[in-house]
Amino acid sequence: MRKILILNGPNLNMLGTREPEIYGRATLDDIKTLCEQKAKALDMQVDFRQSNHEGTLVDWIQEAAKGRIFDGLIINAAAYTHTSIAIHDALRLLSVPIIEVHLSNPKKREKFRRFSYVGLVTKHVIAGHKEKGYEMALEKIWSLLSR
Ligand code: DQA
């Protein structure tokens, strides 16, 4: 069965109460449940994680690169999207499909959110669909893996 790693960056543990007008009302636990259900329907498995720490996210990406146990990666690097060369470099170690996901559409927000270091590594970006974007990302990865 295909296994997908889903990584979430800083402050996403605060979803539900964090700026709901921008990010929606779903908590990270709600999103995890949505992802597990969607993955099951697509005959895949997910490993869903969140960290506020850049180095931990780098470690997890390296784990995926070295272990070869994951068939794809979905990443919402949150604020690190716009700042982290370390996450960018780690993502370059992967040979599996990568989908960048955002709840909001950073390109339509403040200028400092327009650039993405993650976007330099993948052309697959889903943004602005709130929690539904994670389900869309799973569908996308499923279709990329089924080609
Ligand atoms: C975000 C967008 C980022 O700009 C922001 O820093 C986040 C969340 C999103 O999902 O819309 O923390 O990645």
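Here is what the cut-offs are and how they apply
Residues numbered from 1 in each chain as written. Predicted model: local features only at pLDDT ≥ 70, side-chain atom pairs only at ≥ 80, totals over all residues. Heavy atoms only, no water. Buried < 20%, exposed > 50% of the residue type's maximum accessible area, 1.4 Å probe, protein only. Helix = DSSP H or I, 4+ residues; strand = E, 2+ residues; numbered from the N terminus. Pairing = 2+ DSSP bridges. Right-handed = clockwise from strand over helix to strand, strands pointing away.

A.B. asks: Would you explain the pairing of strand E3 (residues 72-76) in this entry?
C.D. replies: Along any regular strand the residues' side chains alternate between the sheet's two faces. Among the five residues in E3, five count as buried, and that is most of the element. The two faces of E3 match: Gly72, Ile74 and Asn76 on one face and Leu73 and Ile75 on the other face are all buried. One ladder, built from five bridges, connects strand E1 (residues 2-8) with E3; its direction is parallel. Residue pairing in the sheet places Leu7 in a bridge with Ile75 of E3. With three bridges connecting them, E3 and strand E4 (residues 98-102) associate as parallel partners. By the bridge assignment, Ile75 is partnered in E4 with Glu100. Where the polypeptide runs from E3 across helix H4 (residues 85-91) and back to E4, its parallel neighbour, the crossover connection is right-handed.

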